[in-house]
Amino acid sequence: MSLLLTGIGLLATQAGPENSESPGEIADAALVIEDGLLAWIGPAAQAPAADSMVDVGGRCVLPGFVDSHAHLVFAGDRAEEFAARMSGTPYSAGGIRSTVAATRAATDEQLGANLARLAAELHAAGVTTFECKSGYGLDVATEQRSVRLAAEQTSEVSFLGAHVVPAGVDRGDYLDLVCGPMLDACAPHARWVDVFCEQGAFDVAESRAVLRAGMAAGLQPRLHANQLTAGGGVALAVELDAASADHCTHLSAADIDALAGSSTVATLLPLVEFSTRSPYPDARGLLDAGATVALATDCNPGSGYSTSMPLAIALAVREMRMTPAEAVRAATAGGAQALRRDDIGRLAVGLRADLVVLDAPSYLHLAYRPGVPLISGVWIGGKAWGLTGDGLTGGGLAGGG
Ligand SMILES: [Zn+2]
């Protein structure tokens, strides 16, 4: 069965040259989906026949967003910690421990239901692929069930036993556990090994040991780097050819040069800076130096509890001086690169038919209309997500105003 999606006012494929201001954009476009993949892309006037057809009424179509950084396996929330922080209490990594207690106490059913709810929120926000970390168990049993539950929702699972040292546990003993029995229990359910390389969490030598142990177990490295301080996390990411160095809030000139000269993606998480009232990362410096930038949500109950990739895009444009085209590219092709995936994040023949339909004529509206729910259709693997019929909500774009 083939499906023709036509009436696309603007198709922003992200499949054009990296530094182009308008990468691979086609006006008045159409595309054909077959067996979950993109079978044809081009001007609507030249579209081939298909078994069925959906007309999106002049809307803009983009690749589905790729969220390469999310912490979705947890119980409880930290709304009061957030409120306290907004009224003047600084953020520190210690708050993670309250989520750990709630997560350990939760049943598999409770954790799975919360994860499924957040996955649905991400999809509704246009995210068609997401990464999901463990890291709120911090004991072998809870970390293992965290990665197992995450693997039921996504193939991009990260083992983050090295999130913080749990209360009451000797630091050296905990590192031995993370690099030994906990890793052995979690590696079969994970693709990635992650570590929170930061003051108050794990230093560079400890982080290197955790990542090397994970790599020896067949996992690929990525890490939380340079969030709160300009430590050595980014340099470690580049040293180990990590897929991504995430946060990059505090970067030295050497860090920017190292990222630009590597295949490690700088994944920026502006919803965290927003929710912790912190300075935003130097996206302009990274892009101008030639580094690859991704945008991700970092959805988590402590430092930023949002699944809104559109809001992350708006913040990247408003606060980090990325152009709308750069921000959209970072949220799609950039995220795919941060997961070392070449089958998603762009729209081209042969790639997965993961796409979003905006209730807007252009992706510019993602930043121009912050906070407005513009995602009117989400297609994952060629299927309309969460909707029946034509995969669209709301009315057409026709009309006055
Ligand atoms: Zn994180």
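Residues numbered from 1 in each chain as written. Predicted model: local features only at pLDDT ≥ 70, side-chain atom pairs only at ≥ 80, totals over all residues.

Caption draft 1: Seen up close, the overall build of the protein. Counting secondary structure elements, the protein contains 14 helices and 17 strands. The C-alpha atoms of the protein give a radius of gyration of 21 Å, which matches the 21 Å a tight globule of 401 residues would have. When its C-alpha atoms are laid out on the principal axes, the protein stretches across 65 × 45 × 45 Å. The buried share of the protein, taken over its 401 residues, is 55%. Put simply, of all contacts in the protein between residues at least 6 apart along the chain, 70% involve residues at least 24 apart. (Helix = DSSP H or I, 4+ residues; strand = E, 2+ residues; numbered from the N terminus. Rg over C-alpha atoms; globule rule 2.2 N^0.38 Å. Buried ≥ 20, exposed ≤ 12 C-beta atoms within 10 Å, placed from the backbone. Contact = placed C-beta atoms within 7 Å.)

Caption draft 2: Spatial organisation of helix H3 (residues 108-124). Taking 1.5 Å per residue, 17 residues should reach 24 Å; H3 reaches 24 Å between its end C-alpha atoms and fits that length. Residues Leu111, Asn114, Leu115, Leu118, Ala119, Leu122 and His123 constitute the buried set of H3. Those residues of H3 that are buried lie in contact with strand S6 (65-67), helix H2 (96-105), strand S7 (127-133), helix H4 (140-151) and strand S16 (375-380). Backbone geometry just downstream of H3 places Gly126 in the positive-phi region, at approximately 95°. (Expected span 1.5 Å × (residues − 1).)

Caption draft 3: Quick look at the nonpolar core. The biggest cluster of nonpolar side chains holds 131 residues, and the ones touching the most others in it are Leu31, Leu295, Ile313, Ala316 and Ala327. In terms of residue count, the dominant contributor to this core is helix H12 (residues 309-320) (nine residues). Composition of this core by domain shows at least three residues from each of domain 1 (2-63 + 346-384) and domain 2 (66-338). (Core = buried A, V, L, I, M, F, W, Y, C linked by C-beta atoms within 7 Å. Domains from an automatic or database assignment.)

Caption draft 4: Structural context of the packing of helix H5 (residues 171-179) against helix H7 (residues 204-216). Running from N to C, H5 and H7 cross one another at 25°; their axes reach a closest spacing of 9 Å. Classified by the angle their axes make, H5 and H7 are roughly parallel. Once H5 is placed against H7, the crossing between them reads as right-handed. Across the interface between the two elements, Leu175, Val178 and Cys179 from H5 touch Glu206, Ala209, Val210 and Ala213 from H7. (Axes fitted to C-alpha atoms, helices over the stretch in contact; angles between N-to-C directions. Parallel < 35°, antiparallel > 145°, perpendicular 65-115°, else oblique. Left-handed = near helix turned anticlockwise from the far one by under 90°.)

Caption draft 5: Representation of helix H13 (residues 324-338) within the structure. With 15 residues, H13 extends 19 Å between its outermost C-alpha atoms, agreeing within 8% with the 21 Å of an ideal straight helix rising 1.5 Å per residue. For H13, a buried count of 14 out of 15 residues is recorded, marking the element as mostly surrounded by other parts of the structure. Trailing H13 by a residue or two, Arg340 shows a phi angle of about 50°, which is positive.

Caption draft 6: Geometry of unusual backbone geometry. For Asp35, which is not glycine, the phi dihedral falls at a positive 55°. Within the fold, Asp35 resides in the loop between strand S2 (25-34) and strand S3 (37-43). Positive phi, close to 60°, is recorded for Leu138, a residue that is not glycine. Here Leu138 shows up in the loop between S7 and H4.

Caption draft 7: Structural context of the domain arrangement of the protein. Each domain of the protein was delimited in the assignment, giving domain 1 (2-63 + 346-384) and domain 2 (66-338). Between domain 1 and domain 2, the residue contacts involve 20 residues of the former and 20 residues of the latter. Going through the elements one at a time, strand S5 (60-63), helix H14 (365-368) and S16 are the ones with two or more residues in the side of domain 1 that touches domain 2. Looking at which element gives the most residues to the side of domain 1 that touches domain 2, the answer is S16, with three residues. For the side of domain 1 that touches domain 2, the per-class residue count stands at 14 nonpolar, three polar and three charged. (Nonpolar A, V, L, I, M, F, W, Y, C, P; charged D, E, K, R; others polar.)

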